[in-house]
Every structure is written in C-alpha cells, then in structure tokens.
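Now for the letters of each chain:
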Amino acid sequence: MPVILISSERFAEHQTPPGHPEGPERAEVMDAVAAQWRKLGGEVVAPRQATREQLARVHDADYLRRISETAGRAVALDQDTYTSPDSYEVALLAAGAAIDAIERVMGGSHKVALALVRPPGHHAERHRAMGFCLFNNVAVAAAHARTLGAERVAIVDFDVHHGNGTQHQFEDDPSVLYVSLHQWPYYPGTGASAETGVGAGRGFTVNLPLEAGAVDADYRLVFDEVVVPVLRQFKPDVLLVSAGFDAHERDPLANMRLTTASFGAMTSELGRLAEECCQGRMALVTEGGYDLRALAASLDTVVKVLASPISEPQWPKSDVAPARGRASADAAKQALAPFWGF
Ligand SMILES: [Zn+2]
C-alpha cells in the first residue's frame, strides 16, 4: 500500500480543560480512523519523539526550554493554549509524527503519509505557543525535508485559520512555498492577500483569505485559479499539507460551509499535483477540526482518496455563485502577479 498512517495512542493524553475544542475526544476520532485503516489492511505506525535538534530548526532555544518545563504540569500558555502533565511528551510525538511522515515519503518507502496528530501546530511561532499549538509540526517537517535533500518544499494549508506560525517561519525563504486558504477576517488576524513574503522570499507566500460563508465552489475556484497554477510553476520536490477540517459546514468555531466531499476533492487536487511535480511525494499533517462527526467523515474521505488511484478531483456540485472565491482569487492574483503567471 503506497499510503501510511502515523498515529499515536498517546495523543489523548494531551488534555485540555473541559469543554475546550481540543478535548481528548479528537484523539478518539483519530484512533478510530487509524483502526479502520488497519482493518482494511493499511499500515499504521506509532511515531517517535522529535529531537531537540529537529525542533530547534523552527523554535528558539529559550522557547524549547520553557515548553519542556511544562512537563508534568497543567499550564495555561495563553488564553486558549493549555498543557496537561503529558502534553510536552505528546507534542514531541506530534512533531515526531510529522518528521516520520516526511522521512518515509522522501525515503521512498511510501508515496503518501498521513500524520494524525494533536496538538495542532500551524499557529505556533518560533518563540510562542498560540491557538492550541505547541510545536509547529508542519514547519518542523518542512525544515527536515530540506535537510533530506528537498530543494523546494510546498506547504498547502486548508485549515480555516491562517497558519501565522508557518508563514512567519518561511516568509523570507524562497525554498519553502506557503499557500493558505482561510476565513478572513478571523483569528489570528494575519494572512491578507498582500502578505506575499519578505526579502528573498517575496512571492513564496500565497494567501487566499475568504469571506465567512465560503462554499465548495469558492474553494474550487481558488484551487483552479491560484493554488494549482502556483504549485505547478513552483515544482516542489515534496508537498506538505496542513490538513485542518474546521472549514466544514458543521464546525462550531468557524463560519465556512464546505461539505465533506470538498476535503476529498482538495486532497485529490494535491495528490494529482504531487504526482505531476514530485513522483507523488506528499505528507499530510492534521491541524484543527472541531465537530467530531465532520472530522471523522472528512478524515475518512481523505484516507479513501489517498488510497485510491489518482483521478479527476470530485468537487461537489454547487449552485451558489462563487463570489467569495472570485474576490479572493482576484486579490491574490493581483498581489502575486510580479512572481507567478496566471
Ligand atoms: Zn483551525
């Protein structure tokens, strides 16, 4: 089987306060997805912890020390980011799962790896925990891919929130392309279409802010007009995905209206691109997704797409005009015109 799932039975030990969206029930959903995959004959492996050296490519030493000091303790790192006594170890496993995913894909043992992790990572900054995130799992994986010989790494982030931590990590680095689709205006406040990168990295940050209420057709339009053409021109050596499921219509935190099938379609679009650009090498790392039924159904759809032969993406039919997608794509194309052909 060309696809492998990386998941740990310990993810539930990252306990957040009762009622918090990142409650341990999210780990149960991931466990169920992994169990189902195993039942179908798929491979599921447990991650090992990320090393200090791997984390230090993305986080500064003082921050790593501060997070390590939360081991054994329940701490509020900011108004919505918490640790339980086991969170430090579980977060090391989450970053380690992302590392493991990229190693398997780069090493050629598997074409595609899906790391089912919590806590999520894309809000974590170099020096700061934020938005439920401790270590920036996908950024750690991207930095690791560079050390494994990938000259160009693309990260596509379809979590409903902008991945401020990931953007900041690579905004001055032309070897890592960051593409984000997110609700706007919304938490964390970054991700305007005019944010296109800094210095040598100008043009390698692609932001697709979408007004609340965006539907399947809006996402399809920005994929067709911006995400796919930019990735094709960038020609990554490996494709990473920050796979958040909180743009789902059932999600209690955000206000987008994606149906489950769109998560399959986005995965399919990205899989096809990876096939075209980089021998199919793709590693997905989970981010948010707070309606448990929607999370389970979306993950199930994604796994099915990954396990099937590459085919035409099956975007759901939509009779709503994609006005939000149109506005987002037009703004992005204008901002990025100096760097990419559309
Ligand atoms: Zn999110």
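Reading the values: the criteria
- Residues numbered from 1 in each chain as written.
- Predicted model: local features only at pLDDT ≥ 70, side-chain atom pairs only at ≥ 80, totals over all residues.
- Heavy atoms only, no water.
- Helix = DSSP H or I, 4+ residues; strand = E, 2+ residues; numbered from the N terminus.
- Rg over C-alpha atoms; globule rule 2.2 N^0.38 Å.
- Buried < 20%, exposed > 50% of the residue type's maximum accessible area, 1.4 Å probe, protein only.
- Salt bridge = Lys/Arg side-chain N within 4 Å of Asp/Glu carboxyl O.
- Donors = N, O, S within 2.8 Å, 3.2 Å for Na, K, Ca; no water.
- Tetrahedral: all angles 85-135°; square planar, octahedral: opposite > 155°, others 65-115°.
- Contact = heavy atoms within 4.5 Å.
- Pairing = 2+ DSSP bridges.
- Axes fitted to C-alpha atoms, helices over the stretch in contact; angles between N-to-C directions.
- Phe/Tyr/Trp six-rings, centres within 6.5 Å; stacked < 30°, edge-to-face > 60°.
- Expected span 1.5 Å × (residues − 1).
- Arc of directions from axis to C-beta.
- Polar contact = N/O pair within 3.5 Å; in protein donor to acceptor, adjacent residues only side chain to side chain.
- Parallel < 35°, antiparallel > 145°, perpendicular 65-115°, else oblique.
- Left-handed = near helix turned anticlockwise from the far one by under 90°.

J.: Would you mind going over the overall build of the chain with me for this structure?
T.: Of regular secondary structure, the chain possesses 10 helices and 10 strands. Computed over its C-alpha atoms, the radius of gyration of the chain comes to 18 Å, within 12% of the 20 Å expected for a compact globule of 342 residues. With the principal axes as the frame, the chain shows a C-alpha extent of 50 × 45 × 40 Å. For the chain, buried positions account for 59% of its 342 residues.

J.: What exactly am I supposed to notice about the pattern of salt bridges here?
T.: Where side chains of opposite charge bring their charged atoms close, a pairing between them can arise. A complete count under the given rule lists 20 salt bridges for this structure. Across the pair Glu269 and Arg272 runs a salt bridge, and its minimum N-O distance is 3.5 Å. Placement of the pair is Glu269 and Arg272 together in helix 8 (residues 260–278), with a separation of three residues, close to one helical turn. Salt bridges sharing common partners tie together Arg48, Asp100, Glu103 and Arg104.

J.: For this particular structure, what's the right way to read the coordination of the zinc ion?
T.: Four donors placed tetrahedrally about a metal ideally form angles of 109.5 degrees, and six donors placed octahedrally ideally form angles of 90 or 180 degrees. Only Asp159 (OD), Asp159 (OD), His161 (ND1) and Asp246 (OD) from the protein reach the zinc ion as donors, at distances of 2.0 to 2.7 Å. If you look at the zinc ion, its four donor atoms make angles of 53 to 153 degrees with each other, and the shape they trace is irregular. Each donor residue of the zinc ion belongs to the same chain, with the gaps between them written as D-x1-H-x84-D. Here Asp246 lies in the loop between strand 9 (238–243) and helix 8 and Asp159 lies in the loop between strand 6 (153–157) and helix 6 (164–170), a separation of 87 residues in the sequence. Summarising the burial analysis for this pair, Asp159 and Asp246 share the class buried.

J.: What is the right way to look at the side chain of Ser193 in this model?
T.: Mapped onto the elements, Ser193 comes out in the loop between strand 7 (176–183) and strand 8 (205–210). Once residues lying within four places of it in the same chain are set aside, the contact partners of Ser193 are Asn207, Pro209, Ala331, Ala332 and Ala335.

J.: For this particular structure, what's the right way to read the sheet that holds strand 1 (residues 3–7)?
T.: Sheet strands pair via backbone hydrogen bonds, and the direction of the pair is either parallel or antiparallel. With parallel pairing, the eight strands of this open sheet are ordered in space as 2-1-5-10-9-6-7-8. Each of the sheet's edge strands pairs with one partner strand only, and the pair in question is strand 2 (43–45) and strand 8. Within the sheet, the average angular offset between the axes of one strand and its neighbour, ignoring direction, is 15 degrees. Alignment of strand 6 against strand 9, held across five bridges, turns out to be parallel. For Ala154, the partnering residue across the bridge sits in strand 9 and is Leu239. Sitting on the sheet, helix 4 (residues 87–107) is in contact with strand 1, strand 2, strand 5 (112–116), strand 9 and strand 10 (282–286), with an inclination near 175 degrees to strand 5. The strands touched by helix 7 (residues 216–234) are strand 6, strand 7, strand 8 and strand 9; relative to strand 7, the strand with the most contacts, the crossing angle is about 175 degrees.

J.: Teacher, can you tell me more about the packing of aromatic side chains here?
T.: The relation between two aromatic rings is expressed through the spacing of the ring centres and the mutual angle of the planes. Going through the model one piece at a time under the given rule, you end up with nine aromatic pairs. A centroid spacing of 6.5 Å and a plane angle of 75 degrees characterise the contact between Phe234 and Trp340, whose relative ring orientation is edge-to-face. Of the two residues, Phe234 sits in helix 7 while Trp340 sits in the segment after helix 10 (323–336), which places them 106 residues apart along the sequence. The exposure classification of Phe234 matches that of Trp340, with both residues buried. Ring-pair connections join several aromatic residues into one group, and the members of that group are Phe158, Phe245 and Phe263.

J.: Would you mind showing me how to read the pairing of strand 8 here?
T.: Two faces, one strand: in a regular strand the side chains alternate between the faces of the sheet. Counted residue by residue, strand 8 has six buried out of six residues, so it is predominantly covered. Burial along strand 8 is two-sided: Thr205, Asn207 and Pro209 and Val206, Leu208 and Leu210, pointing in opposite directions, are all buried. Direction of pairing for strand 7 relative to strand 8: parallel, over a ladder of six bridges. Residue pairing in the sheet places His182 in a bridge with Pro209 of strand 8.

J.: Help me understand helix 9 (residues 292–307), please; the structure alone is not making it clear to me.
T.: Residues three or four positions apart in an α-helix share a direction because the helix packs 3.6 residues into each turn. Taking 1.5 Å as the rise per residue, helix 9 with 16 residues should run 22 Å; its terminal C-alpha atoms sit 22 Å apart, in good agreement. For helix 9, the full list of buried residues reads Ala294, Leu295, Ser298, Leu299, Val302, Val303 and Leu306. Looking straight down helix 9, one finds its buried side chains confined to an arc of 160 degrees; they lie on one side. Facing away from the buried side of helix 9, by more than 90 degrees, are the exposed residues Arg293 and Lys304. In this structure, the buried side of helix 9 is in contact with strand 1, helix 1 (25–39), strand 5, helix 8 and strand 10. Near the N-terminus of helix 9, the side chain that reaches the backbone nitrogen of Arg293, with its oxygen 3.3 Å away, is that of Asp291.

J.: Would you take a moment to explain the packing of helix 7 against helix 8 for this structure?
T.: When two helices pack together, their arrangement is given by the angle between their axes and by how far apart the axes lie. Remark: helix 7 packs on helix 8, axes separated minimally by 11 Å, with the N-to-C direction vectors making an angle of 10 degrees. In terms of orientation, helix 7 and helix 8 fall into the roughly parallel class. Relative to helix 8, helix 7 is oriented so that their crossing is right-handed. Of the residues in helix 8, those in contact with Asp216, Tyr219, Phe223, Asp224, Val228, Leu231 and Arg232 of helix 7 are Ser262, Met266, Glu269, Leu270, Leu273, Glu276 and Cys277.

That is the geometry; function is a separate question.
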